[in-house]
Each structure stands twice: as structure tokens, then as C-alpha cells.
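Breakdown of the fold
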Amino acid sequence: MMINRMFKHKSVKVISILMFLGLMVFSQHACVDSLDSNDGSENPVNTFIMNMSTNPNTLFGNASEESFIQVDTLLVPDGSEIDYEITFSSSGLPPALRGCLFDSSGTVVNNEAFVSYLSGVLVGINETATINISATVRLADGRSGSDFTTLTLDGVGLVAATPGPDTDPLIVPHPSTTPAPTNIAVPLTFQSVGLEPGTLVEISLSNPEIGSLNGGGDPEVGDDIFISPILGNVNSGQFFVQYNAFVGQPGTQIILARTQLQIPPEFMIVCPLVSEEDGLIEVIVIITQEVDEPPLPPTPGLDNGGGNRNGPTLPPDVTQ
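Residues numbered from 1 in each chain as written. Predicted model: local features only at pLDDT ≥ 70, side-chain atom pairs only at ≥ 80, totals over all residues. Heavy atoms only, no water.

**Things to note about the overall build of the protein**
Across its full length, the protein carries three helices and 18 strands. Looking at the protein residue by residue over its 320 residues, the buried ones come to 32%. Contacts spanning at least 24 positions in sequence make up 73% of the contacts within the protein whose residues lie at least 6 apart. Carbon and sulfur atoms make up 55% of the accessible area of the protein, which amounts to about 19800 Å² in all. (Helix = DSSP H or I, 4+ residues; strand = E, 2+ residues; numbered from the N terminus. Buried < 20%, exposed > 50% of the residue type's maximum accessible area, 1.4 Å probe, protein only. Contact = heavy atoms within 4.5 Å. Areas by Shrake-Rupley, 256 points an atom, 1.4 Å probe, with all protein chains shown as cover.)

And the structure:
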């Protein structure tokens, strides 16, 4: 009732109408001011798209294989800056062993950019590790976006030669054997996985007093050291050596084969060097060497080429 009586007064009606119109104007102004006409948001979502691909995406961890990484974009202006980074390793490889990036494009051109990757170091056959590589695009207005791709490293290594069944233990002739005995030759074939053909392997002996390699060592590196190249292919290689066991010499012979992973010389300026400890690959073969029994002396009374051809001589009192 009181409200009805208030609105019967003309002044109250006028004030009410003015207040209503003021609220309408204020609300319209506020709505228009929140987003300028024909302007986009200052922080739009999904204004450009990135995708990364690798070829190949699996490499050996031998510090020498390469992969090409391409970045494809949409709605990114030409000349936009892009940079790359190795960000993560699933197996905890330290940064120095994750490989490195080189020959990168610094800007996006025609919605493309690229970078190359040199494989890291992973020693151990059947070992695997993953490496994440990211790309970040920075637009001129300050906005940025990132994506990443994953590469897989396969472990590399050497497989020790397995001597034949006649070498466990290896029996060498006794010096008094007739005719004059010769040294025993044992061919050894080693295998390699993930190492480039032509990689040199150093093979050495622990005891040159009881044997030699290939009839003698390499005079340039030592009498008890032999250098052999890996043949075949990177997936399955071989290298060979012959062990010569000396006549009449017993003992234990440890044959050590070793090689050192190193990045190619052309990458030494842009990629971290591999330390000797991290890049060392080695295997051993153990041969136990024993001397054969000496030959038995001639039995007295038997024909040895100049004795009685009619049989043994019997005492006079023995009747034949």
C-alpha cells in the first residue's frame, strides 16, 4: 500500500524512470567495452599448429648416425623464429651422451623448419633409450608454442668369440714330441652390433710368453697387440684374429678386444666430445692352455728298427 501511494506522486515517477534509463546505458557501455568491435582476443587459443617428424626415428647409439627432423606448421608467418633443444632421456643418459643438434633452420619458411640430430652414446647390446627433442616457435608479437618428438637409441657393443670345443682347455704339444711339433692355431671370430664398418678394434694378449696373435703383433702398436677392422654392416659386423699357442707353454691367456666410440671429426666443433670412459667398448676371451703328456719312451726288447726281428730273446733254459 505504501509503495502504491509513493508512485502516485509525480516526482517519484520521474526519479524512477531516470534511474532505469541510467542503468540501461551503463550496462550497454560495459558490454561493448569488454571486446572492441572487429578485434580478436589478446590471448587467442590454437592460433597456430605444429607437428614434428623424424627420419629415421631409431638409431644406434654409436655417436655417428644422423636423423633429419622436420617441423610442419600452420598459420605461422614466414620469418618466425624457431629453436630446438634436447630435453629428456628416458634412461637417464647424461646430456653429454644424448647426442647433439646441428644444421638447424632458424626461422619458419613456407610453414616448414628443420634440424638434424647426431646420435648419442649407448653402450650395451639390447639396451634402449629414448631422447626427446623439442621445437619452440616465437612469433613477432611475443606469442610462442612448442612441440616435441621422440627418438630411440639402440645399444651397441661387441660379442666375444667362442673358441671351438677343442680349446677347452687348449692342449699344446710337448716339446719332445716327434716329429718336431708346431704351434696350435686357433681362429677367433668376434661379432659387432651397431658399429660402423671400418671401425678399428685393438686386440691384445695378457701373456705373450705362451702365445701370439696372427703370428706376431703389429710393430706399430706393440708385439702383443693386433689391429683388426670391422667388416660387414652396422647391424651385424665381424672382425677376425688368429691366436697361436706356443708348443710346450702352459698358462692362462686373456685376449682383450676393445674399441673407442668417437664422434666424426666434422662434428667436433658443434657436438660434445665423448670421453674415453663413456665411449669404451670391450670384450674378453679366456683360453686355458695345457701341455700334452710327453711321449712314452721305447719299450726295451721290442723291435725299434734295428733289433731281433724273430721276437724277444729267451733265456737258454726256456724251451720254445
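Next comes the rest of the write-up.
**A word on a nonpolar patch on the surface**
A cluster of nonpolar residues, Ile49, Leu74 and Leu75, forms a patch on the protein surface that exposes about 320 Å² of accessible area. With respect to the helices and strands, the residue leucine 74 is situated in strand β3 (residues 66–74). The exposure class of leucine 74 is partly exposed, given its relative accessible area of 47%. (Patch = residues over 30% accessible without salt bridge, like charges linked within 9 Å, V, L, I, M, F, W, Y side chains within 5 Å. Salt bridge = Lys/Arg side-chain N within 4 Å of Asp/Glu carboxyl O.)

**Description of the state of the cysteines**
Think of a disulfide as a covalent bridge from one cysteine sulfur atom to another cysteine sulfur atom. Counted according to the given criterion, the structure contains one disulfide. A disulfide bridge connects cysteine 100 with cysteine 271, and the sulfur atoms are separated by 1.7 Å. Highlighted residues: cysteine 100 in strand β5 (residues 100–102) and cysteine 271 in the loop between β17 (251–260) and α3 (276–279), separated in sequence by 171 residues. For cysteine 271, a relative accessible area of 7% gives the class buried. (Disulfide = S-S within 2.5 Å.)

**Remarks on the sheet that holds β3**
With respect to topology, four strands assemble into an open sheet ordered β1-β3-β6-β5, the strand pairing being antiparallel. If you trace the sheet from one side to the other, it starts and ends with β1 (49–55) and β5, each paired once. Strand-to-strand twist of the sheet, defined as the mean angle between neighbouring strand axes without regard to direction, takes the value 30°. (Pairing = 2+ DSSP bridges. Axes fitted to C-alpha atoms, helices over the stretch in contact; angles between N-to-C directions.)

**Quick notes on the pattern of salt bridges**
Here the structure, examined in full by the defined rule, presents two salt bridges. We note a salt bridge from aspartate 83 to arginine 138, for which the minimum N-O separation is 2.3 Å. With aspartate 83 in strand β4 (residues 81–89) and arginine 138 in strand β7 (residues 128–138), this pair connects stretches of sequence that are 55 residues apart. By relative accessible area, which is 38% here, arginine 138 ends up partly exposed. Aspartate 141 serves as the salt-bridge partner of arginine 143, at 2.7 Å between the closest nitrogen and oxygen. Looking at arginine 143, the relative accessible area reads 27%, which means it is partly exposed.

**Here we look at the pairing of strand β12 (residues 200–205)**
Where β12 lies against strand β14 (residues 225–229), five bridges are found, and the strand directions are antiparallel. Bridging from a neighbouring strand, glutamate 202 pairs with isoleucine 227 of β14. Pairing analysis gives four bridges linking β12 to β17, with the strands arranged antiparallel. Counted as the bridge partner of isoleucine 203 is alanine 257 from β17.

**Some remarks on the sheet that holds strand β18 (residues 280–291)**
Across the sheet, which stays open at both edges, the five strands sit in the order β10-β18-β17-β12-β14 with mixed pairing between neighbours. Both edges of this open sheet fall to β10 (170–172) and β14, since each of them pairs with a single strand only. The sheet shows a mean angle of 30° between the axes of neighbouring strands, taken without regard to direction.

**Focus on the packing of aromatic side chains**
Aromatic rings in a pair are described by how distant their centres are and how their planes are angled relative to each other. For the structure on display, the rule yields three aromatic pairs. Here the aromatic rings of phenylalanine 102 and phenylalanine 267 are separated by 4.7 Å at their centres, their planes lie at 65°, and the arrangement is edge-to-face. With phenylalanine 102 in strand β5 and phenylalanine 267 in the loop between β17 and α3, this residue pair connects regions lying 165 residues apart in the sequence. Note on accessibility: phenylalanine 102 and phenylalanine 267 belong to one class, buried. Pairing phenylalanine 190 with phenylalanine 239 gives two aromatic rings, centres 4.8 Å apart and planes at 5°, and the pair type is stacked. Within this pair, whereas phenylalanine 190 is found in strand β11 (residues 184–193), its partner phenylalanine 239 is found in strand β16 (residues 237–245), the two being separated by 49 residues in sequence. For the pair formed by phenylalanine 190 and phenylalanine 239, the shared burial category is buried. (Phe/Tyr/Trp six-rings, centres within 6.5 Å; stacked < 30°, edge-to-face > 60°.)

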